[in-house]
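# A closer look at the structure
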Amino acid sequence: MRKIRIIISTLLFCSLAGYSQSLIRYAFTDFPSKNWKSASLMYVAGFADGHAELLSHHYYKFERTFPNANAQFWNPELSWVNKYKNNDPNQGPKYFGSTNVFVLATDGYHACKFVQKSAIVAALVIKIGEKKKFKFYIVDAVMYLVTYTLGFYTSYSWMYR
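Scoring rules and cut-offs
Residues numbered from 1 in each chain as written. Predicted model: local features only at pLDDT ≥ 70, side-chain atom pairs only at ≥ 80, totals over all residues. Heavy atoms only, no water. Patch = residues over 30% accessible without salt bridge, like charges linked within 9 Å, V, L, I, M, F, W, Y side chains within 5 Å. Areas by Shrake-Rupley, 256 points an atom, 1.4 Å probe, with all protein chains shown as cover. Salt bridge = Lys/Arg side-chain N within 4 Å of Asp/Glu carboxyl O. Helix = DSSP H or I, 4+ residues; strand = E, 2+ residues; numbered from the N terminus. Buried < 20%, exposed > 50% of the residue type's maximum accessible area, 1.4 Å probe, protein only. Expected span 1.5 Å × (residues − 1). Arc of directions from axis to C-beta. Contact = heavy atoms within 4.5 Å.

## Re a nonpolar patch on the surface
A surface patch of nonpolar side chains, amounting to about 890 Å² of accessible area, comprises Tyr-43, Val-44, Phe-114, Val-115, Phe-134, Tyr-137, Ile-138, Val-142, Val-146 and Leu-150. Listing elements by their share of the nonpolar patch, those giving two or more residues are helix H1 (2–57), helix H5 (108–127) and helix H6 (134–158). In terms of residues, the nonpolar patch owes the most to one element, H6, which gives six residues. Assignment of secondary structure puts Ile-138 in helix H6. According to the relative accessible area criterion, Ile-138 is partly exposed, its value standing at 44%.

Here's what the structure looks like:
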């Protein structure tokens, strides 16, 4: 019984090794040449998300790096009222859509989130209609996650040290 398990394990390992070689080759040769546009957009999306989160949780780092930036637009503690008439929530929206559809124009956080979501949608739309094996879609997803995370790390952790 033990010999059968060893034989089955060896065969399974060999088949997975051959399978993974094609995935590795795809990830480092085909992926960069065919997917650089989507990967770049995912990096931009991660960068925008990191910047939005930095504004929300570590505004002082942004302010230290950009001391002349308009705090009324970039500082979430101040900018959340920009969408209201005379910066007063009791007076209602500043203009049509300022509290929902066009909120991206009212403060830095929402502008960054708009860039993030737009870049993700654009990255996905570019890929619509491609015909390839499912395993390569998995590699694409992992590579996009890596580029998104690099973008996030760049803006959230590295850029504002």
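## Focus: H5
The end-to-end C-alpha distance of H5, which contains 20 residues, comes to 29 Å, matching closely the 28 Å that a straight helix rising 1.5 Å per residue would cover. Of the positions making up H5, those classed as buried are Gly-108, Cys-112, Lys-113, Gln-116, Ala-119, Ala-123 and Lys-127. Down the axis of H5, the buried side of the element spans an arc of 140°, and every buried residue falls inside it. One or two steps after H5, the chain reaches Gly-129, where phi turns positive at roughly 95°.

## Considerations on H6
The end-to-end C-alpha distance of H6, which contains 25 residues, comes to 35 Å, matching closely the 36 Å that a straight helix rising 1.5 Å per residue would cover. Within the sequence span of H6, burial applies to Lys-135, Phe-136, Val-139, Asp-140, Met-143, Tyr-144, Thr-147, Tyr-148, Gly-151, Thr-154 and Ser-155.

## A short note on the side chain of His-51
Topologically, His-51 is positioned in helix H1. The residues contacting His-51, other than those within four sequence positions of it, are Phe-62, Trp-74, Cys-112, Ser-155 and Tyr-160.

## Some points on the pattern of salt bridges
Evaluated as defined, the whole model comprises three salt bridges. A salt bridge links Lys-113 to Glu-53, with the nearest nitrogen and oxygen atoms 3.9 Å apart. Of this pair, Lys-113 sits in helix H5 while Glu-53 sits in helix H1, placing them 60 residues apart in sequence. Of the two residues, Lys-113 and Glu-53, neither departs from the other in class, the shared state being buried. The partner of Asp-140 in a salt bridge is Lys-132, and the shortest N-O contact between them spans 2.2 Å. Owing to a relative accessible area of 3%, Asp-140 belongs among the buried residues under this scheme. Here Lys-132 falls in the partly exposed class, since its relative accessible area comes to 22%. One salt-bridge network, held together by shared partners, links Asp-49, Glu-53 and Lys-113.

## What about the environment of Asn-75?
As for its position among the elements, Asn-75 is in the loop between helix H3 (71–74) and helix H4 (76–79). Its relative accessible area of 11% is what places Asn-75 among the buried residues.

## What about unusual backbone geometry?
With a phi angle near 55°, Asn-86 is a residue other than glycine that sits in the positive phi range. Of note, Asn-86 is situated in the loop between H4 and H5. For Asn-86, a relative accessible area of 61% gives the class exposed. Even without being glycine, Asn-87 reaches a positive phi, approximately 55°. Residue placement: Asn-87 occurs in the loop between H4 and H5.

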